[in-house]
2 protein chains.
Amino acid sequence: MKKVGVAILGLGVVGGGTYKILTEHKEFYKKNHGVEITVESVLETNRQRALELGVDESKICNNVAEICSNPEVDIVVEVIGGVEPAKSFVIAALNSGKSVVTSNKELFCKYSHEIEKIAKKNGVGLFYEATCVGGVPVIRTLLDSLQGNKITSMMGIINGTTNYILTKMSECGSPYGEVLKEAQKLGYAEADSTADVEGYDAAYKLSILSSLSFHTKIPYTEIYREGIKDINNADIVYGKQLGYVLKLLAIGKNGENGIEVRVHPTFIKSSHPLAGVNDSYNAVYITGDSVEDVMLYGRGAGAMPTGSAIVGDIIYCATHPTHNYSTFKNTEKADPATKFVKNFESAYYIRLSAEDKAGVLAKVTSLLSKYSISVSQVNQENCGTAGTAPIILITHITKENNVKKAVADINATGFAKVENYIRVVS
Amino acid sequence: MKKVGVAILGLGVVGGGTYKILTEHKEFYKKNHGVEITVESVLETNRQRALELGVDESKICNNVAEICSNPEVDIVVEVIGGVEPAKSFVIAALNSGKSVVTSNKELFCKYSHEIEKIAKKNGVGLFYEATCVGGVPVIRTLLDSLQGNKITSMMGIINGTTNYILTKMSECGSPYGEVLKEAQKLGYAEADSTADVEGYDAAYKLSILSSLSFHTKIPYTEIYREGIKDINNADIVYGKQLGYVLKLLAIGKNGENGIEVRVHPTFIKSSHPLAGVNDSYNAVYITGDSVEDVMLYGRGAGAMPTGSAIVGDIIYCATHPTHNYSTFKNTEKADPATKFVKNFESAYYIRLSAEDKAGVLAKVTSLLSKYSISVSQVNQENCGTAGTAPIILITHITKENNVKKAVADINATGFAKVENYIRVVS
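Cut-offs applied
- Residues numbered from 1 in each chain as written.
- Chains lettered and ligands numbered in written order.
- Predicted model: local features only at pLDDT ≥ 70, side-chain atom pairs only at ≥ 80, totals over all residues.
- Heavy atoms only, no water.
- Helix = DSSP H or I, 4+ residues; strand = E, 2+ residues; numbered from the N terminus.
- Rg over C-alpha atoms; globule rule 2.2 N^0.38 Å.
- Buried < 20%, exposed > 50% of the residue type's maximum accessible area, 1.4 Å probe, protein only.
- Contact = heavy atoms within 4.5 Å.
- Areas by Shrake-Rupley, 256 points an atom, 1.4 Å probe, with all protein chains shown as cover.
- Lys, Arg positive; Asp, Glu negative; His and termini not counted.
- Charge placed at Lys NZ, Arg CZ, Asp CG, Glu CD.
- Least-squares fit on C-alpha atoms with pLDDT ≥ 70 in both.
- Buried area = accessible area lost by both parts, 1.4 Å probe.
- Polar contact = N/O pair within 3.5 Å; in protein donor to acceptor, adjacent residues only side chain to side chain.
- Nonpolar A, V, L, I, M, F, W, Y, C, P; charged D, E, K, R; others polar.
- Pairing = 2+ DSSP bridges.
- Phe/Tyr/Trp six-rings, centres within 6.5 Å; stacked < 30°, edge-to-face > 60°.
- Lys NZ or Arg CZ within 6 Å of the ring centre and 35° of its normal.
- Salt bridge = Lys/Arg side-chain N within 4 Å of Asp/Glu carboxyl O.
- Axes fitted to C-alpha atoms, helices over the stretch in contact; angles between N-to-C directions.
- Parallel < 35°, antiparallel > 145°, perpendicular 65-115°, else oblique.
- Left-handed = near helix turned anticlockwise from the far one by under 90°.

So, on to the overall build of chain A. From N to C terminus, chain A includes 15 helices and 17 strands. Over its C-alpha atoms chain A spans a radius of gyration of 24 Å, differing by no more than 12% from the 22 Å that the globule rule assigns to 426 residues. Across the 426 residues in chain A, those meeting the buried criterion constitute 60%. Considering only intrachain contacts with a sequence separation of at least 6, the fraction spanning at least 24 residues in chain A is 73%. Carbon and sulfur atoms make up 48% of the accessible area of chain A, which totals about 16400 Å². Looking at charge distribution, chain A has the averaged site of its 44 positive side-chain charges lying 3 Å from that of its 46 negative ones.

Below, the structure written as structure tokens:
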């Protein structure tokens, strides 16, 4: 029977889950995949944590060089997160002839061009299913199932923390700050929630997924990014009245005018399959020219689901003797030939407050029409404070810059104030 | 650049789609996958059809031996359907050293044990993503992404025709026969709809998917099968009132007592992700011990989505030099050690008609309790005809045989008649 030795760098949440899965399923993998997978080494400075997980004392190490020179180790699992020291460790492992499996989206998004080159040079495997959307098999699907398609669009709820927060805000009507605190208490959000709530995490993942989908490097720096910190419960309620659900959406499109990539709060029509993706569930909705629409749904984070993705990569690596790499030019920057669409098209939700008197709506719509923005739905409430009333508009498809100009114009003229505007997907 | 020649056996719906995708994307595959894929030959007796698709006259052939001896052909795509002559053609191709990509669920389900052995002996590839759920990448996901999990359950809406019929019955209230005729007119159902409406098609697919999920051969003959022909609009309406949607579900479970595999109409709680899978969309909901729940959703049939799955397999085959086969014993019959659970557990929807007088419900529930069946929801209508009224019950989880016995008992005692009972998933 084939024997494969694994080293795990970092026994945090995902590392711990991976260790647990590998050890508990050892006989199962021998029987069903014909391979004996043994955790030969773990890199963990917190010895106590490793011992509590059941790691044999002799296998705990705190020196990556030791792992690189260990002939029993074939595959190195990097689950440390962040750029350094993870990057140096991964490069050292690849240069020692080990294959690498990583869940590190920041590292992979920022340095795949460097790392992949080293893997290729050494003829070893580089696997990264766990970088995106936890246990949901989106990387493998793009690489090995939908690769015959020209992918025209992908839309994803790919950050568990923000989806949990938005679901709770929508269900309970609690304000953002309160739900965030609760999420932190429950372990759904980290103490420093910046990467999640400001959309960095989703942008890293979108960079990886859109590069694979569109067969060209999409650096995360090209991604328009807007987080959920300014989301107001009122918007969620008004959107719901008009048949929409609010999600932090990562959107990638490849059309005639070029590629557009963006992460921002988005209203989705409640009948859309993505609208029902709640709590810490995640999903990616992919449209290809042959396959039409495919949605992949599941747990986007967590020790065991992300561990499942890592172990899937380990078994794949162990049972496939040769390795494939990006077929596009995996460079640091985008190919100069790639056109990015910044002034993208979308429908918009616009919430205004205005004096509660006749003619205001007419003034607003007339001003919007100056920028070729037409309105598909209106909801004029009369529950405003101090003589003002909220007006909610949903526009037809228009251009981002037109909306920005119209908003500035409305605010300048003073008869109404745009409190918020949110992009809409129907 | 690597060159790969393909032969397509049968230019029907899926064969035509495959031809179209391969020819229209030729440059795309050269650029993005580094492989030049050429359709070298098509086996099609209807020359006119082939010519209309744009096949060069010199490439149309009606003799499989010619394809087998053609050195330009590396991969043979079998999209004829049915057992013979598809089986002989596939075996001839494998024995000539060609890899085979097939969409033929009946052939693969009934003869994978024979065919795979021949592929293995010849060291060629055998790919079958397109046998199950059209463009939805469920086979690849089970083989290469979730393979580290013990899959405990899978539930699928895996037949487009029946899902279309049930969706329309639910939306329009039209009776089964009428919707079937309409589906046949629109091309969603074949003239002979037996394989679809009686659940054979779903059972073939479930046999393949559950064998992969549970790492042991599950012959389709072990699958409990019940079609949708006896579904009554009244049941759909009553179920809806209680919060359920009716679907033809393929269910596979692997638990402590053994494996259960069944295809039958099922009420699903309307909040379940599968409940929103409508029309000809399909989905598979998989639960694994690490990944928790994953759902794969998309077009379960059609020329282009199924063609997408075939082309995905072709590119995979062309870009991976070695081939993997079933890691379990792929035999004709089930392993004698496999236990099949026939008396499975489920909740049930029971519709009775009874005389519209006091005490009947008490009698029914008391009789049910004799078989340890307790009731979770009741809906007693008073719109029955001729002094009878329908009673709708949803039971707690109980056993299939208990329900069968209770139904026989109720019908024998004569104070009420069980009009229908349907299994329920919450």
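Now that the structure has been shown, we can carry on.
Note on the copies: chain B fits chain A at an RMSD of 0.0 Å, the axial shift is 0.0 Å, and the rotation between them is 180°. On this basis, the relationship between the two copies can be described by a two-fold rotation axis. Closest approach to the rotation axis within chain B is made by the C-alpha atom of B:L296, at a distance of 2.4 Å. The residues that chain B uses at the interface reappear at the interface of chain A in 100% of cases, marking a shared surface.

A word on the interface of chain B and chain A. Tallying the contact residues gives 46 residues for chain B and 46 residues for chain A. Note on chain B versus chain A: buried area summed over both sides is about 4100 Å², and carbon and sulfur give 53% of it. Counting the contacts that link chain B with chain A gives 21 residue pairs in polar contact (both at pLDDT 80 or more). Considering only residue class, the side of chain B that touches chain A consists of 19 nonpolar, 19 polar and 8 charged. In terms of strand pairing, strand β12 (residues 292-299) of chain A meets strand β12 (residues 292-299) of chain B through 5 bridges, oriented antiparallel. From the neighbouring strand, A:V294 faces β12(B), where its bridge partner is B:G298.

All names here are of chain A. Following the criterion strictly, the structure yields 20 aromatic pairs over all chains and no others. On the numbers, 4.7 Å between centres and 55° between planes, the contact of F267 with Y349 is tilted. Residue F267 is located in strand β10 (residues 258-269), and its partner Y349 is located in strand β13 (residues 345-355); the two are separated by 82 residues in the primary sequence. With respect to class, F267 is no different from Y349; both count as buried. Through successive ring pairs, a cluster of aromatic residues spans Y244, F267 and Y349. The aromatic ring of Y111 is capped on one face by K87, whose charged end is 4.1 Å from the ring centroid. For R299, the ring lying beneath its charged end belongs to Y281, and the centroid distance is 4.1 Å.

Attention now moves to the pattern of salt bridges. Tallied over the entire structure, the rule returns 48 salt bridges over all chains. The closest approach of N and O atoms between B:E36 and B:K3, which form a salt bridge, is 3.9 Å. Of the two residues, B:E36 is situated in strand β2 (residues 35-43) and B:K3 in strand β1 (residues 2-9); the sequence distance between them amounts to 33 residues. With relative accessibility at 17%, the residue B:E36 sits in the buried group. B:K26 is paired through a salt bridge with B:E36; the nearest N and O atoms lie 3.7 Å apart. Of this pair, B:K26 sits in helix α2 (residues 26-33) while B:E36 is found in strand β2, placing the two residues 10 residues apart along the sequence. Through salt bridges with shared partners, a single ionic network connects A:E226, A:E400, A:K404 and A:R423.

Quick look at the packing of helix α14 (residues 360-370) of chain A against helix α15 (residues 400-413) of chain A now. Residue and element names in this part refer to chain A. Contact geometry for α14 and α15: axes closest at 9 Å, N-to-C directions at 140°. One way to sum up the angle between α14 and α15 is to call them oblique. The two elements α14 and α15 cross, and the hand of that crossing is right-handed. Residue-level inspection shows V364, L367, L368 and K370 of α14 in contact with α15, the latter providing A406, D409, I410 and T413. Looking at the contact of α14 with α15 residue by residue, the class counts come to 5 nonpolar, 1 polar and 2 charged.

A separate point is the sheet that holds strand β6 (residues 126-127) of chain B. Residue and element names in this part refer to chain B. Overall, parallel pairing links the 6 strands, which are arranged β3-β2-β1-β4-β5-β6 in an open sheet. This sheet does not close on itself; its edge strands, each paired only once, are β3 (60-61) and β6. Here strand β5 (residues 99-102) pairs with β6 via 2 bridges, running parallel. From the neighbouring strand, V101 faces β6, where its bridge partner is F127.

Spatial relationships are all this shows, so hold off on functional conclusions.
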